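# Chains, contacts and geometry: an overview
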Amino acid sequence: MLSLDALGPEWDCPLGSKDLEEEEVPGSGGSGLPPPSCFPGSWRHDVGLDCKGSPEGAEARAWTVHYYSLLQSCLQQAGLPETQDRSQVPRTGNMLLCLSPAWLTKVPAPGQPGESTLLVSKAVSFHSGGLTFLDDFVPPRRATYFLAGLGLGPGPGREAAELARDLTCPTGASAELARLLEDRLLTRRLLAQQGDVAVPATLAFTYKPPALLRGGDASPGLRLVELNGKEGQEALVKEEVGTFLHSEALGDALQVAVKLSGWRWRGRQALRLYPRAELGPVVDTVLALLEKLEEEESVLVEAVCPPARLPFPGSPSPGPELALRICAVVCRTQGDRPLLSKMVCGVGRVDRPLRHQSSLPQTLEVALAQCGLGEASQVAVVRQRVKAAAEAALAAVQALEAGLSAEQRGGRQARTDFLGVDFALTVAGRALTPVALELNGGLCLEACGALEGLWAAPRPGLAAEEAAAAPLVETMLRRSARYLMEGKQLLLLGAGGFSKKFVWEAARDYGLKVHLVDSDPNHFASQLVQTFIHFNVTEHQRDEENARVLAELVRARGLQLDGCFSYWDDCLVLTALLCQELGLPSNPPSAMHLAKQKSRTQLHLLSRHGPPWPAPSLYAVPCCPLESEADVDRAARQVPLPGVMKLEFGAGAVGVRLVEDASQCHEHFSRISRDLQVEADHPGIGLGWGNAMLLMEFIEGTEHDVDLVLFGGQLLAAFVSDNGPTRLPGFTETAACMPTGLAPEQEAQLVQAAFRCCLGCGLLDGVFNVELKLTGAGPRLIEINPRMGGFYLRDWILELYGVDLLLAAAMVACGLRPALPARPRARGHLVGVMCLVSQHLQALRSTASRETLKALHDQGVLRLNLLEEALVPGEYEEPYCSVACAGPSLAEARLRLLGLCQGLGIDGPHYPVAYFLSHFK
């Protein structure tokens, strides 16, 4: 990230005594040098700020020193250590701060005409615990995401703009996009057309307007007058201003402001305020400003929103009347959805302008209380209205950018990833209404950072609040990961069933080059990949031999692979063996064998007593393998009953049953031995390994899934979901919710249990799904699935957290560490139920048909995950689909789902949805 202040034309002299300054960008003097340093504190100055091979002149060097001192001042005030100069022993980090354009270089990108790769030769790197290091990189590191503080005038800001243009890597801003956002007339019309955002009534005189302002529908309260010249406009201006000042669009406004609009004037002008009744001075000011216009610029006359007069409890507020300015930071998140990150407020006198950096940042609650509004419900209403308007503003900007060419955006990968929106709080129709005044790039984010800085000094009992930049950082990491993975060559073993159709859409979206190995030569996915290799992957007794044969097939085809992985149970051990043959990153085959065979997993972990502690043995459950009828009696004596019988290598809970005594054990063993013998009896559940079984102790407690991402034995992310009660004596899943409703300590126990069980089996790299029960004595392991979670889990985690487990698994397979948010925030709640053909055949053919469910999914009423293609009942069935509802709270999502299931006929006496959801409270 290159942090540079925007530099532009010099401050224009004001025209009259009623002028009030607008925002002024720091360091905007015309000398070209930074302002005199005023950073209190003490730190080393003899650090290596020069970059080898890129010498700086005196002026550029002064700016680099200025920014380094600013960084040290910020670190010091936050109670963090001074940056260490480790130029000679560079460290790696995901987030790099470049304080000078000389620290970066653009080189032509091979195979991509007109685009460049950005290389970093020097940077400040950031590490956990607040540590920072000044690093040199030899050879230079390739940037995978770039966010620059852009200036459109002379100086370092322009160099930053040039660096950001036409890069191959994603960029979160560009000079071209910044120029559009800084045109207040353009953005105001954009917001007015959105319909969900209130803007001040505005009259605009524009000279040769840009193409984006020509034509289009007129917006209420926004009048655009296109001038054919800058002189001889007195009569037209007087008529238009007179009509505007008397129009109903101004509402209760008593004043109007006159200002210039256009990127040249941002932060470089004076704001002139006049009583609404003073036609003459307003006209004179407009005419004077018209002389300064260049093409595509405008003069605006806008209503000054009267501040909301809030009821002060008891008696009128003493002292001058107060006004409120709210600034909101909204970020682009997964699926290009806007998300309000944080809002802060400034409070000041009505008769003085409220500006960034000239008022102390406060929370909305404190600011409204200062103005006399302290009722929590009313504050919540204001917060929701600001959130809706801010998110609508970014949505409007995104829609505008989607219609621009790569050249207009400043590059194929350029887009606005975060936005600051300034609001005035006024009254419209007897309701408190936020009115959007302007959009900005970094001022609102800076204000939020200043508020967060108030908590820098450690004090007991104060929890750190989520940073305003957290969603932006998540977006940086997500876009960076996509860039890193684009064009990667991946070998995938096992196409999977109908429920894995999302894989092929995702692979195309990410630009992955997939080469598929599968047993079915007619699988639909064979037509969606770069290369298809028909190979029987179900003969597990010959996995080692098959891995060698597959490796030769890969070499014979000349495939240059970056990684190899699988999400299909049947292929996990074969994949590990093949990776070993090809020298690709993978877990050891022995670890995959251990995790794949359920009794071996438990018995191995029971022997792991530590250190460290808690040891994996605390989470394992007594069990006994069953290979023949003779083993059943021995197991029934060794394992406390009731117990659970299941297939050693089974998947999807097929053949799992609660057994109460030895006779039921014999009965179920005989049934499985008869019905499920070979792969053809029930494809995809692992019968290629045989139909051996195990008996394990039945554990009382609630059931949970923990989906983990591990790299090099480190836990990068964990997502916990809760399951409803299963339909005994079988264990088919009925319901689930995410995020978990457990207390934080219990959630942490589950995550640690899943993590330590994976490590205990030797699983160090990959995406894993661990099923656990939470008992009164803590978590107990059901089983480890050494692959990405099935059913709806990938979809739900992507929806709620913006993390794609499929992409994470592909990255780990390529030896790349996924950069995931350490504490991802769920954006709501999902509660879902499974539909079974045996229980819902009538509904699935009528009220809850596939077409009906798909239509409701497309309308956003429910979330549908189809798991099977056909309505085929069977004794050993798997769920047909998952139907879920979203909500801002667990209770609301649960109620929505219950009502929906009753309406669709999914709920009934034999499938009591209310009971299945009873754990989720």
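Relevant structure appears above.
All of the points below concern the structure found in this document. (Residues numbered from 1 in each chain as written. Predicted model: local features only at pLDDT ≥ 70, side-chain atom pairs only at ≥ 80, totals over all residues. Heavy atoms only, no water.)

With that settled, consider the overall build of the chain. For the chain, the helix and strand inventory stands at 25 helices and 31 strands. Its C-alpha radius of gyration of 32 Å places the chain within 12% of the 29 Å reference for a compact globule of 921 residues. Structurally, the chain occupies a C-alpha span of about 105 × 65 × 55 Å along its principal axes. In the chain, which comprises 921 residues, the share counted as buried stands at 55%. Across the chain, contacts joining residues at least 24 apart in sequence account for 68% of those joining residues at least 6 apart. Carbon and sulfur atoms provide 53% of the accessible area of the chain, an area that totals close to 39200 Å². (Helix = DSSP H or I, 4+ residues; strand = E, 2+ residues; numbered from the N terminus. Rg over C-alpha atoms; globule rule 2.2 N^0.38 Å. Buried < 20%, exposed > 50% of the residue type's maximum accessible area, 1.4 Å probe, protein only. Contact = heavy atoms within 4.5 Å. Areas by Shrake-Rupley, 256 points an atom, 1.4 Å probe, with all protein chains shown as cover.)

Read across the open sheet, the four strands follow the order β18-β17-β16-β19; overall the sheet is parallel. In this open sheet, the two strands that pair with only one neighbour each are β18 (531-534) and β19 (563-565). Neighbour-to-neighbour, the strand axes of the sheet open up by a mean angle of 20 degrees, direction not taken into account. Relative to strand β17 (residues 513-518), strand β16 (residues 489-493) runs parallel, the two being bridged by five bridges. Looking at the pairing, Leu491 lines up with His515 of β17. Strands β16 and β19 of the sheet are contacted by helix α21 (residues 805-813), whose axis makes an angle of about 130 degrees with β19. (Pairing = 2+ DSSP bridges. Axes fitted to C-alpha atoms, helices over the stretch in contact; angles between N-to-C directions.)

Take unusual backbone geometry next. Here Leu641 and Pro642 are connected by a cis peptide whose omega angle stands at 5 degrees. Topologically, Pro642 is positioned in the loop between α17 (629-638) and β21 (643-647). Cis rather than trans, the peptide bond between Met738 and Pro739 has omega equal to -5 degrees. Along the chain, Pro739 turns up in the loop between β26 (735-738) and α19 (744-760). We note that Glu296 has phi near 70 degrees; this positive angle belongs to a residue other than glycine. With respect to the helices and strands, Glu296 occurs in the loop between α6 (279-290) and β11 (297-303).

The side chains of a regular strand alternate between both faces of the sheet. For strand β14 (residues 418-428), the tally of buried residues reaches nine of 11 residues, placing the bulk of the element in the interior. Here strand β12 (residues 322-333) pairs with β14 via seven bridges, running antiparallel. Bridge pairing links Val329 to Gly420 in β14. Sheet topology places β14 next to strand β15 (residues 431-440); nine bridges connect them, and they run antiparallel. In the sheet register, Gly420 faces β15, and the bridge partner there is Asn440. If you look at the hairpin formed by β14 and β15, you'll find two residues sitting between the two strands, and Gly429 has a positive phi there, around 60 degrees.

We now examine the sheet that holds strand β13 (residues 337-349). In space, the four strands of this open sheet follow the order β13-β12-β14-β15, with antiparallel pairing throughout. Of all strands in the sheet, those bounded by a partner on one side alone are β13 and β15. Taking the axes of each pair of neighbouring strands and ignoring which way they run, one obtains an average angle of 30 degrees across the sheet. Sheet contacts for helix α8 (residues 376-402): β12, β13, β14 and β15; angle to β13, the most-contacted strand, approximately 125 degrees.

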